[in-house]
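Residue strings, one per chain:
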Amino acid sequence: MAQSILITGAGAGIGRATARAFLDAGWRVGLIGRRADPLEETAGGHPSALVLPCDVTDEARVAAAFGAAAAHWGHLDALFNNAGVSLKGAPIDEIAVDDWRQLIEINLTGAFICAREAFGIMRRQSPQGGRIINNGSISAHVPRWGSVAYTASKHAITGLTRTISLDGRPFSIACGQIDIGNALTDMAEKMTRGVPQANGEIAVEPVMDVADVARSVLHMAALPLGANVQFMTVMATTMPYIGRG
């Protein structure tokens, strides 16, 4: 039987590209996102796509969506914890506390809620086990200028990944993290026009095809549970990452 995966933030960008890559590879794919229309567009009528509109910060709706997918498929093999947002770059004293709270609620608490639900399903299903892949960021290693909320959330994702990896060992639940740099999505399109650098300059940065990210996530998910990519960094080859931290 085909393997199954839930993908959050599947209505656009990395989530959409990844969902389509998994569908093309023969997986059964549950599409999680706040609005149904973008998820339907991602699905494109594919018979193996399951559209599950859901706000990742709402634990009751997450439980209902994940439970519906597990019941429909009979087994959950993987979760790609991808949903996330960013803020306009600014020094910390110019970041509104409400904006900080909203970002942390989506990027961190939402990832925790989804991982918690997937972990529970994987722990109790038969055969036991599964894989959780968290979307980190280059910012999980080094910050960009003015990115305090986003960078803090992605450092926290690394802690989430490490603890799930440890807690999942008795239950055959593997957990890994993919840290992505400058994949060309709507969120990263600004890189092609110029973004602030650490020295105060504005510079255009190299980008990579989002399909390369999708293939990387697929590789991680397709491994047998006896093997795990704990951390993967995939980025535009010449982007200013090496040398900036």
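Look a little higher up for the structure.
Here goes a summary of the coordinates provided.

Examining helix α3 (residues 59-73)
End to end, α3 covers 21 Å across 15 residues, agreeing with the expected 21 Å (1.5 Å per residue, within 8%). Those residues of α3 not exposed but buried are V62, A65, F66, A69, A70 and W73. The buried residues of α3 occupy an angular sector of 130 degrees when projected down its axis, which confines them to one face. Turned more than 90 degrees away from the buried face of α3 sit A60, A71 and H72, all of them exposed.

Section: the sheet that holds strand β4 (residues 78-81)
Taken in spatial order, the seven strands line up as β3-β2-β1-β4-β5-β6-β9 in an open sheet, and their pairing is parallel. At either end of the open sheet lies a strand with only one pairing partner, and these are β3 (49-53) and β9 (231-235). When strand polarity is set aside, the average angle formed by the axes of neighbouring strands in this sheet is 20 degrees. Pairing between strand β1 (residues 4-8) and strand β2 (residues 28-33): five bridges, direction parallel. By the bridge assignment for β2, S4 is matched with R28.

Regarding the nonpolar core
Note that soluble globular proteins tend to have their nonpolar side chains buried in a common cluster. Among the nonpolar cores identified, the biggest contains 38 residues, and F22, V29, I178 and V213 are the most heavily contacted of them. With seven residues, the single largest contributor to this core is helix α6 (residues 210-222). When near neighbours in sequence (up to four residues on either side) are disregarded, V29 contacts I5, I7, A19, F22, L23, S48, A49, L50 and W73. Formed by 30 residues, the second largest nonpolar core is a distinct cluster that contains L6, L79, I121 and F171.

Quick notes on helix α2 (residues 36-43)
Listed in full, the buried residues belonging to α2 are P38, L39, T42 and A43. Summarising the axial view, the buried residues of α2 lie within an arc of 145 degrees, below the 170-degree limit, and thus occupy one face. Along α2, the residues that are exposed and aim more than 90 degrees away from the buried face are D37 and E41. Remark: G44 follows α2 within two positions and exhibits a positive phi of approximately 55 degrees.

Considering the environment of R61
Its location among the elements puts R61 in helix α3. Apart from residues lying up to four places away in sequence, R61 is in contact with P53, C54 and D55.

A word on the packing of helix α1 (residues 13-24) against α2
At a minimum axis separation of 9 Å, α1 and α2 run at an interaxial angle of 40 degrees. As α1 runs across α2, the sense of the crossing is right-handed. Across the interface between the two elements, R16, A19 and R20 of α1 pack against P38, E41 and T42 of α2. By residue class, the composition of the contact of α1 with α2 is two nonpolar, one polar and three charged.

Some remarks on the packing of aromatic side chains
Aromatic ring pairs are described here by two measures, namely the spacing of the ring centres and the angle between the planes. The tally for this structure, following the rule as stated, stands at two aromatic pairs. With 4.9 Å between their ring centres and 85 degrees between their planes, F22 and W27 make a pair best called edge-to-face. Pair check on accessibility: F22 and W27 agree, each one buried. Taking the centre distance of 5.9 Å and the plane angle of 80 degrees together, the rings of F119 and F171 count as edge-to-face. Remark: F171 occurs in the loop between α5 (148-168) and β6 (173-181) and F119 occurs in helix α4 (residues 97-124); sequence separation between them is 52 residues. For F119, a relative accessible area of 14% gives the class buried.

Observations concerning the side chain of H75
Mapping H75 onto the fold places it in the loop between α3 and β4. With relative accessibility at 15%, the residue H75 sits in the buried group. At a separation of 3.1 Å, a polar atom in the side chain of H75 contacts the side chain of D77. Not counting residues within four places of it along the chain, the set of residues in contact with H75 comprises S4, A70, Q125, S126, P127 and G129.

What about the pattern of salt bridges?
Applying the stated criterion across every chain, the model contains three salt bridges. One salt bridge connects R16 with E41, and the closest N-O pair in it is separated by 3.5 Å. With R16 in helix α1 and E41 in helix α2, the pair connects residues that are 25 residues apart, well separated along the chain. R215 is the partner of D212 in a salt bridge, and the nearest nitrogen-oxygen pair spans 2.1 Å. Here D212 and its partner R215 are both found in helix α6, three residues apart, which amounts to about one turn of the helix.

The rules behind the values
Residues numbered from 1 in each chain as written. Predicted model: local features only at pLDDT ≥ 70, side-chain atom pairs only at ≥ 80, totals over all residues. Heavy atoms only, no water. Helix = DSSP H or I, 4+ residues; strand = E, 2+ residues; numbered from the N terminus. Expected span 1.5 Å × (residues − 1). Buried < 20%, exposed > 50% of the residue type's maximum accessible area, 1.4 Å probe, protein only. Arc of directions from axis to C-beta. Pairing = 2+ DSSP bridges. Axes fitted to C-alpha atoms, helices over the stretch in contact; angles between N-to-C directions. Core = buried A, V, L, I, M, F, W, Y, C linked by side-chain atoms within 4.5 Å. Contact = heavy atoms within 4.5 Å. Left-handed = near helix turned anticlockwise from the far one by under 90°. Nonpolar A, V, L, I, M, F, W, Y, C, P; charged D, E, K, R; others polar. Phe/Tyr/Trp six-rings, centres within 6.5 Å; stacked < 30°, edge-to-face > 60°. Polar contact = N/O pair within 3.5 Å; in protein donor to acceptor, adjacent residues only side chain to side chain. Salt bridge = Lys/Arg side-chain N within 4 Å of Asp/Glu carboxyl O.

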